[in-house]
Amino acid sequence: MQTRTGDIGSFVFERGNRGSLRRVLAVLVIVAALLLYVGGKVKIVQLGYQIEALEKEKRDLERENRALRIEAASLSSPARIEEIALKRLGMVRIAKENLIVVKQQPKAAQRAK
Amino acid sequence: MDRRGRILLIVALIALGFALVAGRLVYLQVIDRADLAARAERQQQRVVKLESKRGTIFDRQERELAVSLEVESVYGVPSDMENPRQMAQQLSRILREDPKTLERRLRSDKHFVWISRKVEPGRAAKVKDLGSKDVGFRFESRRFYPKKALAGPVLGFTGMDNEGLEGLERTYDKELRGVNGWVLAEKDAVGRTVFPGGPGFQYRLPKSGNDIILTIDEVIQHIADRELERAVTTARAKGGVCIVMDPGTGELLALAVAAAHGRPAFNPNEPQQYRSGEWRNRGVTDVFEPGSIFKVVLAAAALEEKVVHPLEKIDCSAGSIKVADRVISDAHRSGVLTFTDVIADSSNVGTIKVALRLGKERFARYITAFGFGQKTGVDIPGEIPGLLKDRRLWSGVSIGSIAIGQEIGVTPIQMAAAYGVLANGGMLMKPYLVSRIVEQDGGLGKKFAPQPVGRAISKETCAKVSKMLQRVVATGTGKQAKPAGYSAAGKTGTAQKIDTLTGSYSKKEYVSSFVGFVPALSPKLVILVMVDTPEGDIYGGTVAAPVFRAVAEQSLAYLQVAPDDAGGGMLLVNR
């Protein structure tokens, strides 16, 4: 490095230069720390918005799911199924005279045969 | 002033300025700190309520009977509203609210009024289409009963704030409701909610309400509802009750309550459409004089005490009997009957003769042992113990009257439980509707086991009474109760109601009933049918017994109980 005042002057100048460098570095560190801090805060806020949006989506989907479950339960009510069977499909209850009760033969009687 | 003086003055002014700013900062940051911090908190933070989910009610096969769903409620901001009349008219058309009431609400000086709560999703969408900035929406939980009127008086219903008001919703409100939570969130400049997260994030998670599994089976409940309603409609009756119970455990598989003829069955989705009297569960809240169905209590007590034998002959030929100062007659004059036939033909004279032998001390003891005069403890609110006079207050005629089911008031659930004693071999079981409570957070929950109340009579006596009741169905007054393919035991009842004007027994109003169990040889179900004030045909054997048969046939087939009595139509096969 070139100097204007020789060795002694050069020594003084270099000391002053190092001091400036330290100050600049200190400022840079502080700025970097502040940027990191603010950046972190911004990120947290952004994530907060994302969480809120996802929470809302989750709530909406859960609500839709529950509504569909209620609809399914409603559509499977015995009264509705019976009405469809009797009126739309023309099914009828079994008449008493058409009902034949079949009883299983006792095992002892089967063996005797 | 020289140059140096001017510099000093400027420096002094700048220093003063800094001092003022510093002083203000000290004031704001130190002296006024608490107040300002509180104001900032109020502006920036909001407590978001996290509503707990009300538990679901399932039937015994875990099919949903009562479910909660979030729907939108509509609110208004009257203080900002420019034309309340126009808005009220638009909203009233969509929400079907009275326009004048709405306008009155919207003209108030409040910042928040409810316009309509828990509206259907379609209507909420139409309100949104209006695009008004003075109308807002908030989600609230609403209770739905997807099976509509099925088991309505058993389930009950909830109020606007989801509190249980009737039925099981009320009894188990604490279990179903859960605990609301909250989270301390922050608001940004445009009012959006931001969840801050990180350390210091304050919240309490909501605890969902517990689910409840009932003993009710929705298919058997539907069968009971349908058959009972049909009988009430045919008889133009004032209502009816049908109970289906497992006699071995006391589990109630169905508890149907029919509204008066011409009135719709109670639908808990819209309780405000019904009279308050139609909300109640008549199976546990109403008493009736049982009439002849009560004779089995006398029969069981007399056989247990060995004061009579089933085949002992009793002279009923007089057709009437004088007890104290009252003459009690038979509906049809009979001759000499065995005690079995006394019950099968429902002879008042024969029953009273045996009651007089038994004596009031012993008879009263058995009435209590069968559970009358005390609540059964079933889980539905509003249960009453019935009307049973203290034995010391019985008049001379009381023993005769009570033996034939008069001078005593019972609830249908008591009567079903009493027949359960005969079906299960002598043990009085507590009837119940909830089999399990399931915790949402993985907790253990609760399981309800059958609860024996006490032994009423011996197994041997039960067998004797059962045979007598089979005779009622085979050849007696209950022939129409016989289910195809199954043996059955039961008793008919046709009880006169008290005429409230004269205070004596009415000649026009009756309660027709039939109670019994199937299959008689190995009972799986106790079925009670009670029809209140039928018109025309009034007999239990023709009004209530056919309902018993229909419910028994369909329920046993659904439960896959093998037929045990098919008469001549039975085929024998190898398997």
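For the structure itself, consult the block above.
None of these values were measured; they are calculated from a predicted model.

*Asks:* Mind showing me how you'd approach the overall build of chain B here?
*Replies:* Looking only at helices and strands, chain B features 19 helices and 23 strands. For 575 residues, the compact-globule estimate of 2.2 N^0.38 gives 25 Å, and chain B exceeds it by more than 25% at 34 Å. Each of the three principal axes of chain B carries a C-alpha extent, and together these read 145 × 60 × 50 Å. A burial count over chain B gives 50% of its 575 residues as buried. Nonlocal contacts in chain B, meaning residues at least 24 apart in sequence, comprise 72% of its contacts between residues at least 6 apart. For chain B, the accessible surface area stands at approximately 27100 Å², while carbon and sulfur atoms represent 53% of it. Each charge class in chain B was averaged separately, 80 positive and 64 negative side chains, and the resulting centres sit 1 Å apart.

*Asks:* Would you explain the packing of aromatic side chains in this entry?
*Replies:* What characterises a pair of aromatic rings is the spacing of the ring centres plus the angle enclosed by the ring planes. Residue and element names in this part refer to chain B. As enumerated under the stated definition, the model contains nine aromatic pairs over all chains in all. With a centroid separation of 4.8 Å and an interplanar angle of 25°, the aromatic rings of Tyr 75 and Phe 112 are classed as stacked. Note that Tyr 75 is positioned in strand 3 (residues 64-76) and Phe 112 in the loop between helix 4 (99-106) and strand 4 (113-116), a separation of 37 residues in sequence. Residue class for Tyr 75 comes out partly exposed when judged on its relative accessible area of 22%. An angle of 85° between the planes, with centres 6.5 Å apart, marks the rings of Tyr 75 and Trp 114 as edge-to-face. In this pair, Tyr 75 sits in strand 3 while Trp 114 sits in strand 4, placing the two residues 39 residues apart along the sequence. On the basis of relative accessible area, Trp 114 is assigned to the partly exposed category, the value being 23%. Taken together, the ring pairs connect Phe 157, Phe 266, Tyr 274 and Trp 279 into an aromatic cluster. Lys 128 extends its terminal NZ or CZ atom over the ring of Phe 137, reaching a point 5.2 Å from the ring centre.

*Asks:* Looking at this structure, I do not really get the environment of Ala545(B). What am I missing?
*Replies:* All names here are of chain B. Tracing the backbone through its elements, the reader meets Ala 545 in helix 19 (residues 545-558). Once the C-alpha coordinates of Ala 545 and Val 515 are considered, the two residues, 30 residues apart in sequence, prove to be 8.2 Å apart. Setting aside residues up to four positions removed in sequence, Ala 545 forms contacts with Gln 480, Ala 481, Phe 514 and Gly 540.

*Asks:* Honestly, helix 2 (residues 78-88) of chain A in this entry has me stumped. Any pointers?
*Replies:* Because each turn of an α-helix spans 3.6 residues, side chains separated by three or four positions in sequence point in the same direction. Residues Pro78(A), Glu82(A), Ile84(A) and Ala85(A) constitute the buried set of helix 2 of chain A. Down the axis of helix 2 of chain A, the sector holding all buried residues measures 160°, keeping them to one side. Opposite the buried face of helix 2 of chain A, at more than 90 degrees from it, the exposed residues are Lys87(A) and Arg88(A). For helix 2 of chain A, the secondary structure elements touched by its buried residues are helix 9 (218-234) of chain B.

*Asks:* Could you clarify how one ought to interpret the side chain of Thr215(B) in this entry?
*Replies:* Residues and elements named next belong to chain B. Position of Thr 215 relative to the elements: it lies in the loop between strand 9 (211-214) and helix 9. Accessibility expressed as a relative area gives 0% for Thr 215, which makes it buried. Within the local environment of Thr 215, its side chain forms a polar contact with the backbone oxygen of Tyr 432, the two atoms lying 3.2 Å apart. Dropping the residues within four chain positions of it, Thr 215 is found in contact with Arg 60, Glu 251, Leu 252, Leu 253, Tyr 432, Leu 433, Val 434 and Ser 435.

*Asks:* Would you take a moment to explain the sheet that holds strand 10 (residues 239-245) of chain B for this structure?
*Replies:* Each strand in a sheet pairs with another by means of backbone hydrogen bonds, the pair being arranged parallel or else antiparallel. Residue and element names in this part refer to chain B. Read across the open sheet, the five strands follow the order 11-10-22-21-20; overall the sheet is antiparallel. Among the strands making up the open sheet, the edge pair consists of strand 11 (252-258) and strand 20 (489-498). Between one strand axis and the next, the sheet turns through 10° on average, direction left out of account. Here strand 21 (residues 505-518) runs beside strand 22 (residues 525-532); their pairing, made up of eight bridges, is antiparallel. When the bridges of strand 22 are listed, Gly 516 appears paired with Ile 527. Along the sheet, helix 17 (residues 459-474) makes contact with strand 20 and strand 21, crossing strand 20 at roughly 75°.

*Asks:* Before we go on, may I ask you to explain the nonpolar core in this structure?
*Replies:* In globular proteins that are soluble, nonpolar side chains generally tend to be buried together. Residue and element names in this part refer to chain B. In terms of nonpolar packing, the biggest core is built from 96 residues, with Phe 294, Phe 339, Phe 363, Phe 370, Leu 422 and Leu 469 touching the most fellow members. Per-element accounting of this core gives the leading share, nine residues, to helix 16 (residues 412-424). Phe 370 has contacts with Val 297, Ala 300, Ala 418, Val 421, Leu 422, Leu 428, Ala 456 and Ile 457, leaving out every residue within four places of it along the chain.

*Asks:* Where do I start with a nonpolar patch on the surface in this structure?
*Replies:* On the surface, a cluster of nonpolar side chains totalling about 570 Å² of accessible area is made up of Met1(B), Leu9(B), Leu13(B), Leu16(B) and Leu20(B). The exposure class assigned to Leu13(B) is exposed, which follows from its relative accessible area of 53%.

*Asks:* I'm lost on the pattern of salt bridges in this one. Help?
*Replies:* Pairing is possible between side chains of opposite charge, provided their charged atoms come close. Under the definition given, this model contains 42 salt bridges over all chains. A salt bridge links Lys147(B) to Glu218(B), with the shortest nitrogen-to-oxygen separation between them at 2.6 Å. Residue Lys147(B) is located in the loop between strand 5 (135-144) and helix 6 (152-155), and its partner Glu218(B) is located in helix 9; the two are separated by 71 residues in the primary sequence. For Lys147(B), a relative accessible area of 7% translates into the label buried. Within the structure, one salt-bridge network assembled from shared partners comprises Glu82(A), Arg93(A), Arg226(B), Glu227(B) and Arg230(B).

*Asks:* Would you mind showing me how to read the packing of helix 16 of chain B against helix 17 of chain B here?
*Replies:* All names here are of chain B. Axis separation between helix 16 and helix 17 bottoms out at 8 Å; the angle between their running directions is 110°. By the criterion of interaxial angle, the relationship of helix 16 to helix 17 is roughly perpendicular. Two secondary-structure elements touch here, helix 16 through Tyr 419, Val 421 and Leu 422 and helix 17 through Cys 462, Val 465 and Leu 469. Of the residues contributing to the contact of helix 16 with helix 17, the split by class is six nonpolar, no polar and no charged.

Conventions and cut-offs
- The residue count restarts for each chain, going from 1 along the sequence in the order it is written.
- Chains and ligands are labelled sequentially in the order written, the chains with letters from A and the ligands with numbers from 1.
- Local features are withheld for residues below a pLDDT of 70 in this predicted model, meaning they are given only at 70 or higher, and side-chain atom pairs are given and counted only at 80 or more; totals for whole chains, interfaces and linings count all residues.
- Note: side-chain values were computed over all heavy atoms of the structure, leaving out hydrogens and water.
- Secondary structure is summarised from DSSP: a helix means a run of H or I of at least four residues, a strand means a run of E of at least two, and numbering begins at the N terminus for each.
- The atom set for the radius of gyration is the C-alpha atoms, and the globule formula is 2.2 Å times the number of residues raised to the power 0.38.
- Per-residue accessibility, obtained with a 1.4 Å probe over protein chains only, is compared with the maximum for each type, and a residue is labelled buried under 20%, exposed over 50%, and partly exposed between these values.
- What makes two residues a contact is simply this: any of their non-hydrogen atoms within 4.5 Å.
- Per-residue and other accessible areas were derived by the Shrake-Rupley procedure at a 1.4 Å probe size, with only the shown protein chains allowed to occlude residues.
- Think of it this way: Lys and Arg go in the positive column, Asp and Glu in the negative one, and His and the chain ends go nowhere.
- One atom stands in for each charge, and that atom is NZ of Lys, CZ of Arg, CG of Asp or CD of Glu.
- Two aromatic rings, drawn from Phe, Tyr or Trp (for Trp, its six-membered ring), form a pair once their centres lie within 6.5 Å of each other, and the interplanar angle then sorts them: stacked below 30 degrees, edge-to-face above 60, tilted otherwise.
- Geometrically, a charge over a ring is one whose NZ (Lys) or CZ (Arg) sits within 6 Å of the ring centre while staying within 35 degrees of the ring normal.
- Within this analysis, the arc is defined by the directions that extend from the helix axis to the C-beta atoms.
- We define a polar contact as two N or O atoms separated by no more than 3.5 Å, with the added condition that, inside protein, one atom must be a possible hydrogen donor and the other a possible acceptor, whereas residues neighbouring each other in sequence contribute only through side-chain atom pairs.
- By this definition, two strands are paired if DSSP reports at least two bridges between them.
- For every element, the axis is a line fit to its C-alpha atoms; helices are fit only across the contacting stretch, and the angle between N-to-C directions ranges from 0 to 180 degrees.
- As used in this record, nonpolar core signifies buried Ala, Val, Leu, Ile, Met, Phe, Trp, Tyr and Cys residues forming a set joined through side-chain atoms within 4.5 Å.
- A residue counts toward a patch only above 30% relative accessible area and without a salt bridge, and it is joined to like-charged neighbours within 9 Å or, for Val, Leu, Ile, Met, Phe, Trp and Tyr, to nonpolar neighbours within 5 Å.
- Salt bridge, as used here: a side-chain nitrogen of Lys or Arg that lies within 4 Å of a carboxyl oxygen of Asp or Glu.
- What sets the label is the angle itself: under 35 degrees gives roughly parallel, over 145 gives roughly antiparallel, 65 to 115 gives roughly perpendicular, and the rest give oblique.
- For this scheme, ten residues count as nonpolar: Ala, Val, Leu, Ile, Met, Phe, Trp, Tyr, Cys and Pro. Four count as charged, namely Asp, Glu, Lys and Arg, and the remainder, Gly too, count as polar.

By themselves, these are just geometric observations and shouldn't be taken as functional.
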